[in-house]
Amino acid sequence: MATLAARQSRSRPDAMHGNAMIWGAASLGLLLLLWFAVTSGSALIAPRLLPSPATLAERFATLAVTPFGGNNLLGHAAASVERWALGVLAAIAVGLPLGVMFAWLPPFRAALMPVFELLRYIPPFAWVPIAILWFGASTLTQALVVFIAAFPACVINTQLGVSQVDKVLVQAARTLGAGSWMTLRHVVLPVAARDAFTGIRIAVSNGWMALVGAELVVGKVGLGFLISQGQANDSVATVFVGIIAIGLLGVLIDSGVRWLQRVVLPWSQ
């Protein structure tokens, strides 16, 4: 009976996951049918406002091999991912330790939290003029905007995870002779890791959206720049190709982060 119950408990999440995939595929299929109906079937919406699925697929194929705005679609996507990765990795490298120190060291938090609170409410795009003055219209400028957008989520969620660790666990570790560093490393951080990964997921999303905005303003290559060039050339299909590519890459990046969490933190599932 116990074995049967265990099998049923394992199969239940699998069934729910399968149902979610079916519903997701059905909703996407319905969206495509509606899109086709209003653009190709009945032409309710003019092509210059919304291209048909066939037109968009043709434009995707063209941009995949033909340079537009100095690069093809893959080149623009690679440039965007590179800048995003630089900014997000820097935000993670700085934000996670800072969040731990905010939660674990009250004097440190008292000294620096007001500065952090002031800076985190400044929109990332407000830093674009300063970044241009410092670094010009370069990769570093756009990576800095990504860093500013991603950094607060890493700090806040890590601090939250550390501060919410059960005090009984901390006291038990110290009763058994563990020092502050050992308690932090072996008790607090493993428990807080799930919240830290939640912060990373938010940082990834915030950084990706901020990057596209920065590329629209100062980019010379990238998906945001591709969109702006499509608008300048009155090519609505190019604009939609850029938008869809941004969405697809965002989904892939988020899926990669969730996969990494399952690998690194199997106990958090």
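Since the structure is predicted, the reported quantities are computational estimates derived from the model, not experimental observations. (Residues numbered from 1 in each chain as written. Predicted model: local features only at pLDDT ≥ 70, side-chain atom pairs only at ≥ 80, totals over all residues. Heavy atoms only, no water.)

### Here we look at the packing of aromatic side chains
Working step 1: Counted by the stated rule, this structure contains six aromatic pairs.
Working step 2: Ring centres of F116 and F151 lie 6.0 Å apart, and the angle between their planes is 75 degrees; this geometry places the pair in the edge-to-face category. Of this pair, F116 sits in helix α4 (residues 106–120) while F151 sits in helix α6 (residues 139–163), and the two are 35 residues apart along the sequence.
Working step 3: The exposure class assigned to F116 is buried, which follows from its relative accessible area of 7%.
Working step 4: Classification of F151 by relative accessible area gives buried; the value is 15%.
Working step 5: Ring centres of F147 and F151 lie 5.2 Å apart, and the angle between their planes is 20 degrees; on these two criteria the pair is classed as stacked. Of this pair, F147 and F151 both sit in helix α6, separated by four residues, roughly a single helical turn.
Working step 6: What links up through ring pairs into an aromatic cluster is the set F102, F108, F116, F147 and F151.
Working step 7: The ring centre of F68 lies 5.2 Å from the NZ or CZ of R59, which sits over that ring. (Phe/Tyr/Trp six-rings, centres within 6.5 Å; stacked < 30°, edge-to-face > 60°. Helix = DSSP H or I, 4+ residues; strand = E, 2+ residues; numbered from the N terminus. Buried < 20%, exposed > 50% of the residue type's maximum accessible area, 1.4 Å probe, protein only. Lys NZ or Arg CZ within 6 Å of the ring centre and 35° of its normal.)

### A few points about the side chain of S235
Working step 1: Here S235 lies in the loop between α9 (223–232) and α10 (236–264).
Working step 2: On the basis of relative accessible area, S235 is assigned to the buried category, the value being 17%.
Working step 3: A distance of 2.6 Å separates a polar atom in the side chain of S235 from a polar atom in the side chain of T238. (Polar contact = N/O pair within 3.5 Å; in protein donor to acceptor, adjacent residues only side chain to side chain.)

### Focus on α10
Working step 1: The terminal C-alpha atoms of α10 lie 42 Å apart, and with 29 residues this matches the ideal 42 Å at 1.5 Å per residue to within 8%.
Working step 2: Every buried residue belonging to α10 is among A237, T238, V239, V241, G242, A245, I246, I253, V257 and Q261, and all of these are buried.
Working step 3: Looking at the packing, one finds that the buried side of α10 touches α2 (53–65), α3 (73–104), α8 (180–218) and α9. (Expected span 1.5 Å × (residues − 1). Contact = heavy atoms within 4.5 Å.)

### Comments concerning the pattern of salt bridges
Working step 1: Going through the model one piece at a time under the given rule, you end up with four salt bridges.
Working step 2: We note a salt bridge from E215 to R83, for which the minimum N-O separation is 3.0 Å. Of this pair, E215 sits in helix α8 while R83 sits in helix α3, and the two are 132 residues apart along the sequence. The same class applies to E215 and to R83, which are both buried.
Working step 3: For D254, the salt bridge identified is with R258, shortest N-O distance 3.3 Å. Here D254 and its partner R258 are both found in helix α10, four residues apart, which amounts to about one turn of the helix. (Salt bridge = Lys/Arg side-chain N within 4 Å of Asp/Glu carboxyl O.)

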